[in-house]
Amino acid sequence: MRLILILTALLAYQSAAASEFDDMKALAELGMAAAQFNLALMYDHGEGVPENDAEAVKWYRKAADQGDADAQSNLGYMYDNGEGVPENDAEAVKWYRKAADQGYADAQLNLGNMYAKGEGVPENDIRAYVWWSMAKTQGNTKAAGNLDILKPQMTPQQIADGQALATQCYESGYKECD
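Residues numbered from 1 in each chain as written. Predicted model: local features only at pLDDT ≥ 70, side-chain atom pairs only at ≥ 80, totals over all residues. Heavy atoms only, no water.

Time to look at a negative patch on the surface. A grouping of Glu 20, Asp 22, Asp 23 and Glu 47 is seen on the molecular surface, where their side chains present a negatively charged patch. With respect to the helices, strands and loops of the structure, Asp 23 is situated in helix H1 (residues 2–29). By relative accessible area, Asp 23 is classed as partly exposed at 48%. (Patch = residues over 30% accessible without salt bridge, like charges linked within 9 Å, V, L, I, M, F, W, Y side chains within 5 Å. Areas by Shrake-Rupley, 256 points an atom, 1.4 Å probe, with all protein chains shown as cover. Salt bridge = Lys/Arg side-chain N within 4 Å of Asp/Glu carboxyl O. Lys, Arg positive; Asp, Glu negative; His and termini not counted. Charge placed at Lys NZ, Arg CZ, Asp CG, Glu CD. Helix = DSSP H or I, 4+ residues; strand = E, 2+ residues; numbered from the N terminus. Buried < 20%, exposed > 50% of the residue type's maximum accessible area, 1.4 Å probe, protein only.)

Let's shift gears to unusual backbone geometry. Notably, Tyr 174 is not glycine yet its phi reads approximately 70°, a positive angle. With respect to the helices and strands, the residue Tyr 174 is situated in the segment after helix H9 (156–171).

Moving on: the packing of aromatic side chains. All told, the structure shown has two aromatic pairs when counted by the stated rule. Taking the ring centre of Trp 59 as reference, the NZ or CZ of Lys 62 above it sits at 5.5 Å. We note Lys 98 situated over the ring of Trp 95; from NZ or CZ to the ring centre the distance is 5.6 Å. (Phe/Tyr/Trp six-rings, centres within 6.5 Å; stacked < 30°, edge-to-face > 60°. Lys NZ or Arg CZ within 6 Å of the ring centre and 35° of its normal.)

On to helix H7 (residues 125–137). Taking 1.5 Å per residue, 13 residues should reach 18 Å; H7 reaches 18 Å between its end C-alpha atoms and fits that length. Residues Ala 128, Tyr 129, Val 130, Trp 131, Trp 132, Ser 133, Met 134 and Ala 135 constitute the buried set of H7. For H7, the N-terminal cap is Asn 124; the gap from its side-chain oxygen to the backbone nitrogen of Ile 126 is 3.0 Å. (Expected span 1.5 Å × (residues − 1). Polar contact = N/O pair within 3.5 Å; in protein donor to acceptor, adjacent residues only side chain to side chain.)

Bringing the side chain of Asn 140 into the picture now. The topology assignment puts Asn 140 in the loop between H7 and helix H8 (141–150). A distance of 3.5 Å separates polar atoms of two side chains, one belonging to Asn 140 and the other to Asp 106. At 3.1 Å, the side chain of Asn 140 forms a polar contact with the backbone nitrogen of Lys 142. In contact with Asn 140, not counting residues within four places along its chain, are Ala 105, Asp 106, Leu 109 and Ala 135. (Contact = heavy atoms within 4.5 Å.)

Further remarks concern the state of the cysteines. Across all of its chains, the model carries one disulfide by this definition. The disulfide partner of Cys 169 is Cys 177, and the S-S distance across this bridge is 2.0 Å. Measuring the twist about the S-S bond at about 70°, one finds the Cys 169-Cys 177 disulfide to be right-handed. (Disulfide = S-S within 2.5 Å.)

Have a look at this one:
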């Protein structure tokens, strides 16, 4: 009897998940960016559908092309890590930057990482400092930790330049960050 109850509950859960997926896909196909992002997450994490990184990338891109910062950041991550697409650091930077310019802290953190490592962009401690500072102002503790590691490796002039550029970036609403 207990096994029957467990199986019934499992089937009900799977049915609900499939229904949620079908509803989300219908809205995504209508062009709704939020639904496209959520559908991408479902594919990315295998929620209600088998995990499929290529499908996740497809739906992240549709939402990202509409300016969804979450999707832009996640698409950058997919390129950064070669999930569902060939690894491409320059493409990762492109998508991280689009999300970072909208104030998305995780993308700012990741963009700083790219500058710190010279992946997809020339290595640049000042730019890493700027983007980690932007993320830190939003409470991103990883960015704060990265700054603590980076600062002792920088000259006083580099820190001053980074602080000046970070101030300019912040005050311009992320429009003047270069």
